[in-house]
Amino acid sequence: MPDNRLPPVPNSTARLHQLKLIAAARVSAARTTSRQQVSDIVRVTVDNEVDTSTFKAIVADVAPDSLR
């Protein structure tokens, strides 16, 4: 099966925004109940395209208010 993922683009704010939107949609659809679930979904979504601090920022941004 061919790999349909976009190649990583360093420092691309458009790509970071896209990843954040995708992660937020997945978190919302999954109706997460824990921060670990949010982290797991974001980890799968960003797939090594971001550094640790960006990963943490995306998790904090997409976590539902009830988990903050």
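Before reading further, recall that the structure is shown in the block above.
Keep in mind it's a predicted model, so treat the numbers as computed, not measured.

A. Local environment of the overall build of the protein. When helices and strands are counted, the protein shows three helices and zero strands. Reading the helices (α) and strands (β) of the protein from amino to carboxyl end gives α-α-α. Counting over 68 residues, the protein shows a buried share of 28%. Long-range contacts, defined as pairs at least 24 residues apart, comprise 53% of the intrachain contacts of the protein with a sequence gap of at least 6. A total of about 4,900 Å² of accessible surface is found on the protein, and carbon and sulfur atoms cover 54% of it.

B. Quick peek at the side chain of Thr 32. For Thr 32, the position within the fold is in the loop between helix H1 (13-30) and helix H2 (35-46). For Thr 32, a relative accessible area of 10% translates into the label buried. Excluding anything up to four places from it in sequence, Thr 32 contacts Val 27, Gln 37, Val 38, Ile 41, Pro 64 and Leu 67.

C. Main features of unusual backbone geometry. Here the phi dihedral of Arg 31 falls at roughly 50°; this positive angle occurs in a residue that is not glycine. Mapped onto the secondary structure, Arg 31 falls in the loop between H1 and H2. Arg 31 sits in the exposed class, given a relative accessible area of 70%. Unlike most non-glycine residues, Asn 48 shows phi in positive territory, near 65°. Along the chain, Asn 48 falls in the loop between H2 and helix H3 (52-62).

D. View of the pattern of salt bridges. Considering all chains together, one arrives at three salt bridges under this definition. Close ionic contact of Asp 61 with Lys 20 constitutes a salt bridge, the shortest N to O distance being 3.1 Å. Of the two residues, Asp 61 sits in helix H3 while Lys 20 sits in helix H1, which places them 41 residues apart along the sequence. Given a relative accessible area of 44%, Asp 61 falls into the partly exposed group.

Calculation criteria
- Residues numbered from 1 in each chain as written.
- Predicted model: local features only at pLDDT ≥ 70, side-chain atom pairs only at ≥ 80, totals over all residues.
- Heavy atoms only, no water.
- Helix = DSSP H or I, 4+ residues; strand = E, 2+ residues; numbered from the N terminus.
- Buried < 20%, exposed > 50% of the residue type's maximum accessible area, 1.4 Å probe, protein only.
- Contact = heavy atoms within 4.5 Å.
- Areas by Shrake-Rupley, 256 points an atom, 1.4 Å probe, with all protein chains shown as cover.
- Salt bridge = Lys/Arg side-chain N within 4 Å of Asp/Glu carboxyl O.

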